[in-house]
Amino acid sequence: MEFPAVENPSALAEVHLFTGVNGTGKTRLLSLLAAGLGNGDALMARLGGEENVTVFAGDGLGTGSAREIQSHTGLSAGSFFRKQQDSKIFYFGRAVHGNYGINFQRDTLNKLPCFAYSGDAHLSDCGITPMQAVKVPAKKISLAFQKPTSSSKDLAQALSNLSLSAAQHIRNYGGYDEAKKRSRQFRLISYIEESMSRLAGRHISFEVVSQPSTMLMVNWGKKPLPFNLLPDGLRSILGWLVELAVVMDLTYPNEKNPWAQPLMVLLDEVECHLHPSWQRQVIPMAQRMFPQAQIFVATHSPFVIASVNEGWIHNFNINKDGLVSIDPPLKASEGDSYVQVLGAIMGVTELYDPETEELLSDYRELRTKALRKEPGMREQAITLADRISNRGTELAYMMSKEKAQMEKMLNGSH
């Protein structure tokens, strides 16, 4: 499987979307990428802890022994890594051989900030200590799809540090305009708040309160709210999109714009808890916030797929024997509707509830028989069309046209 670069890229991050029915291995592939980048826990959990599963990263830091490499490839460890390109990750299981490409060179991959997230709303309330230092998380944490409890505290602490520094700089520099010019912290916290506000369609800001205990609150309505009282969708986005911004700030403390640096992000069903209006905005927002990122997304949402114009769609298929194949990458294009994505990419052609779809199928069968002049079929088709029409205004309009077309064809055949 290859991940081609975007041709003629704009100022948006490159996105690779994994889509397909349940059981085709989308999350496993994300877990494999995480293993190659530094944390194999998610992959091993999905494989049931098989001891003979080996992941080799093309940077020469594979987890397998020289004997394992030779048994799988016929090459010695040294020649294996010399022979293969720097940008490959190899995965070997009991009866599985995979070759997965990543678009970063060896020296870059070792230093690259890498993150993994699921769509769970994992943030919870926690106390903070004003201006306490926060460290860049180890890859074992940044590449964990299920974040540890400490992740909430670190995010709240880092956001509160930014907020307090920005407030102090407004005072020191004599107002917002000067702070915006001279304060990196003011620009960063403002960028986060403005991005979140655009997504939510209402003002969002962070506030440090001291009573009854020192903690970070979020202005999301008429008054500041703790994390636990925020909508799950907002907590979910805070838990990965805002955390990404904060960790990139910690990673590049001397960069004017830390979010413009390269990074890799693995996202598993980030549409969880999100209304469709947010689903269609969240990935484009991440693309704008992190223009040098390479983002891998496993999703079941047509809204997420249709929202991406800069990237590739990788469609996973499974046959009746349970064997999975992956289509060649399909270039994401502008102007795809959700209906088109459902049909052409996700293979979902049904537009109505299952009972209505069954009635429509019965009608089409009766209509075919009626057009063959089978006795009584015309009347049965009309009766069923009238029954379907009673299910809703849209169906009534559609069935009136269906009946008119059938009558026209019958009359024209005399």
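See above for the structure.
One structure accompanies this document, and this report is about it. (Residues numbered from 1 in each chain as written. Predicted model: local features only at pLDDT ≥ 70, side-chain atom pairs only at ≥ 80, totals over all residues. Heavy atoms only, no water.)

## Overview of the packing of aromatic side chains
If you walk through the whole model with that rule in mind, you get six aromatic pairs. Each ring, one from phenylalanine 18 and one from phenylalanine 316, has its centre 5.7 Å from the other, and the planes form 55 degrees; the classification is tilted. Taken as a pair, phenylalanine 18 in strand S1 (residues 14-20) and phenylalanine 316 in strand S11 (residues 311-318) lie far apart in primary sequence, 298 residues in all. Side by side, phenylalanine 18 and phenylalanine 316 carry an identical accessibility label, which is buried. Arranged with centres 4.6 Å apart and planes meeting at 25 degrees, the rings of tyrosine 191 and tryptophan 259 form a pair that is stacked. One end of the pair, tyrosine 191, is in helix H9 (residues 184-200); the other, tryptophan 259, is in the loop between helix H10 (232-251) and strand S9 (263-268), and 68 residues separate them in sequence. Exposure remark for tryptophan 259: the relative accessible area of 2% places this residue in the buried category. Here the aromatic cluster, defined as three or more aromatic residues joined through ring pairs, consists of Phe18, Phe296 and Phe316. Positioned above the aromatic ring of tyrosine 117, the side-chain terminus of lysine 147 is 4.4 Å from the ring centre. (Phe/Tyr/Trp six-rings, centres within 6.5 Å; stacked < 30°, edge-to-face > 60°. Helix = DSSP H or I, 4+ residues; strand = E, 2+ residues; numbered from the N terminus. Buried < 20%, exposed > 50% of the residue type's maximum accessible area, 1.4 Å probe, protein only. Lys NZ or Arg CZ within 6 Å of the ring centre and 35° of its normal.)

## Points about the packing of helix H14 (residues 354-371) against helix H15 (residues 377-389)
One way to put it is that H14 packs onto H15 with a least axis distance of 8 Å and a crossing angle of 155 degrees. It follows from the interaxial angle that H14 and H15 lie roughly antiparallel. Here H14 and H15 pass one another in a crossing that is left-handed. Within the contact between the two elements, H14 uses Leu359, Leu360, Asp362, Tyr363, Leu366, Arg367, Lys369 and Ala370 and H15 uses Met377, Arg378, Gln380, Ala381, Leu384, Ala385, Arg387 and Ile388. Partitioned by chemical class, the residues of the contact of H14 with H15 number 10 nonpolar, one polar and five charged. (Axes fitted to C-alpha atoms, helices over the stretch in contact; angles between N-to-C directions. Parallel < 35°, antiparallel > 145°, perpendicular 65-115°, else oblique. Left-handed = near helix turned anticlockwise from the far one by under 90°. Contact = heavy atoms within 4.5 Å. Nonpolar A, V, L, I, M, F, W, Y, C, P; charged D, E, K, R; others polar.)

## Observations concerning the nonpolar core
Judged by nonpolar contacts, the single largest core of 67 residues is most densely connected at Ile192, Leu238 and Phe290. At 11 residues, H10 tops the list of elements feeding residues into this core. Once residues lying within four places of it in the same chain are set aside, the contact partners of leucine 238 are Leu123, Leu155, Met196, Phe206, Val218, Phe227, Leu230 and Glu243. Counting 20 residues, the second largest nonpolar core, distinct from the first, contains Cys114, Ala116, Leu143 and Met264. (Core = buried A, V, L, I, M, F, W, Y, C linked by side-chain atoms within 4.5 Å.)

Treat this as a map of the structure, not an account of what it does.
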